[in-house]
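Understanding the architecture of this molecule
Now for the letters of each chain:
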Amino acid sequence: MENYTSVLGEFHILPFFHNSDRSSLMFGMFSMFYLLGIIMNMLIVTLIYVDEQLHSPMYLFLCNLSLVDMCYTTTIIPKLLHILSSGNHKISFWQCFTQMFFFFLAAGTEDLLLVTMAYDRYVAICKPLHYHTILSKKVCFTFMAAMWFFASLNSCFLTVPTLKMSFCRSTTIHHFHCDAKALTKISCAGKEIFYLVIYFALLFFGIGPFLCSLTSYAKILQVIFRIKSRDGRTKAFSTCSSHLIVIMLYYGTGVSMYLLPTTRNSDIVDQIFTLLYATATPTLNPLIYSLRNRDVKRAVMRLLQLKGQSTID
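These notes cover the structure that comes with them. (Residues numbered from 1 in each chain as written. Predicted model: local features only at pLDDT ≥ 70, side-chain atom pairs only at ≥ 80, totals over all residues. Heavy atoms only, no water.)

The helix and strand tally for the protein stands at 11 helices and 3 strands. The linear arrangement of helices and strands in the protein, starting from the amino end, is α-β-α-α-β-α-α-α-β-α-α-α-α-α. Across the protein, the fraction of contacts at a sequence separation of at least 24, relative to all contacts at a separation of at least 6, is 79%. About 16,200 Å² of surface is accessible on the protein, with carbon and sulfur atoms providing 67% of the total. (Helix = DSSP H or I, 4+ residues; strand = E, 2+ residues; numbered from the N terminus. Contact = heavy atoms within 4.5 Å. Areas by Shrake-Rupley, 256 points an atom, 1.4 Å probe, with all protein chains shown as cover.)

If you want it as structure tokens, here you go:
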């Protein structure tokens, strides 16, 4: 059977909102999401870089999370904006799989980063006297290097099987980016290996880190409930609440996207959850951390005061 991709060398991306009457509205909405996400995440990175009081493991990991979130949105949205503005839905074979590789890279890194941040909170609350010994600068940078390395390996393992798929039924991807699940729906051969690899990856990069995060927070809650002071309990829980919200947003939308059964409207449902998973969540993460974190608020005030003084001088 003829393989369309070998002949045409391109796919056609067809999102559920591809109607030309909505293109301007969707272009404006995604542009706003993208700019807001980039600005907010860049603000977090800048604050952590310039403010010495935020040079701690917790904020080092938060800085890394902002970089990953920018990678998420930049992998998907610029190409989508091009499609909406030009009306050209074509994407080359290699552009498609390059986009997929960086999407999986960002997803794998965020999985490992969230469990590392949960461990950071566990050490901070359950072993506060040994916090800077356990999470020294060397250890933190080793964690970050390992995260990106293993996420890159995972991305390669997930992308390579899709390269071996045959797309003889259609070259139209019913999604707003090159999504692996959407590709399996138009593949006529080779997707069995991908399914095997994706379930293996979900076990080690999804369920495994999620269970480790839950274990960390179960131990954290045990310690918090032993604190006699109400103010002490509130302060301890406030340091974890932002991260818990991010975990629930990330895993809730991610699990819904990949584990929900296929139905007649599953294409639309998958795209909606992907919007939440890969565009809305990266935009909301810096807002969640900045609005619920006193240290970040104080860093913003110090930065504004310095700018105000420099303007007066």
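Still more ground to cover, so stick around.
Moving on, we come to helix 6 (residues 137-163). End to end, helix 6 covers 39 Å across 27 residues, agreeing with the expected 39 Å (1.5 Å per residue, within 8%). Within helix 6 the residues assigned to the buried category are Cys140, Met144, Met147, Ala151, Asn154, Ser155, Leu158, Thr159, Pro161 and Thr162. Next to the buried residues of helix 6 lie helix 3 (57-86), helix 4 (93-126) and helix 8 (191-226). (Expected span 1.5 Å × (residues − 1). Buried < 20%, exposed > 50% of the residue type's maximum accessible area, 1.4 Å probe, protein only.)

On the basis of which strands lie adjacent, the open sheet formed by 3 strands has the order 2-1-3 and mixed pairing. Strands at the two margins of the open sheet, each flanked by one partner only, are strand 2 (90-92) and strand 3 (172-173). Relative to strand 2, strand 1 (residues 10-13) runs antiparallel, the two being bridged by 3 bridges. Across the sheet, the residue bridging to Glu10 is Ser92, located in strand 2. The sheet contacts of helix 4 involve strand 1, strand 2 and strand 3, and relative to strand 2 the element is tilted by about 80°. (Pairing = 2+ DSSP bridges. Axes fitted to C-alpha atoms, helices over the stretch in contact; angles between N-to-C directions.)

Our next topic: the side chain of Thr116. With respect to the helices and strands, Thr116 occurs in helix 4. Among all residues touching Thr116, those that are not within four sequence positions of it are Phe61, Phe143 and Met147.

Let us look at the packing of helix 6 against helix 8. The interhelical angle for the contact between helix 6 and helix 8, taken along N-to-C directions, is 160°, at an axis separation of 8 Å. Accordingly, the angle class assigned to the pair helix 6 and helix 8 is roughly antiparallel. As helix 6 packs across helix 8, the resulting crossing turns out to be left-handed. Note on element contacts: helix 8 touches helix 6 through Ile193, Phe194, Val197, Ile198, Ala201 and Phe205, opposite Phe150, Ala151, Asn154, Phe157, Leu158, Pro161 and Thr162. Classifying every residue of the contact of helix 6 with helix 8 gives 11 nonpolar, 2 polar and no charged. (Parallel < 35°, antiparallel > 145°, perpendicular 65-115°, else oblique. Left-handed = near helix turned anticlockwise from the far one by under 90°. Nonpolar A, V, L, I, M, F, W, Y, C, P; charged D, E, K, R; others polar.)

All right, on to the packing of aromatic side chains then. Scanning all chains against the criterion turns up 13 aromatic pairs. Here the aromatic rings of Phe103 and Phe104 are separated by 6.3 Å at their centres, their planes lie at 65°, and the arrangement is edge-to-face. In this structure Phe103 comes out as buried when scored by relative accessible area, which is 3%. Pairing Phe194 with Tyr195 gives two aromatic rings, centres 6.4 Å apart and planes at 55°, and the pair type is tilted. (Phe/Tyr/Trp six-rings, centres within 6.5 Å; stacked < 30°, edge-to-face > 60°.)

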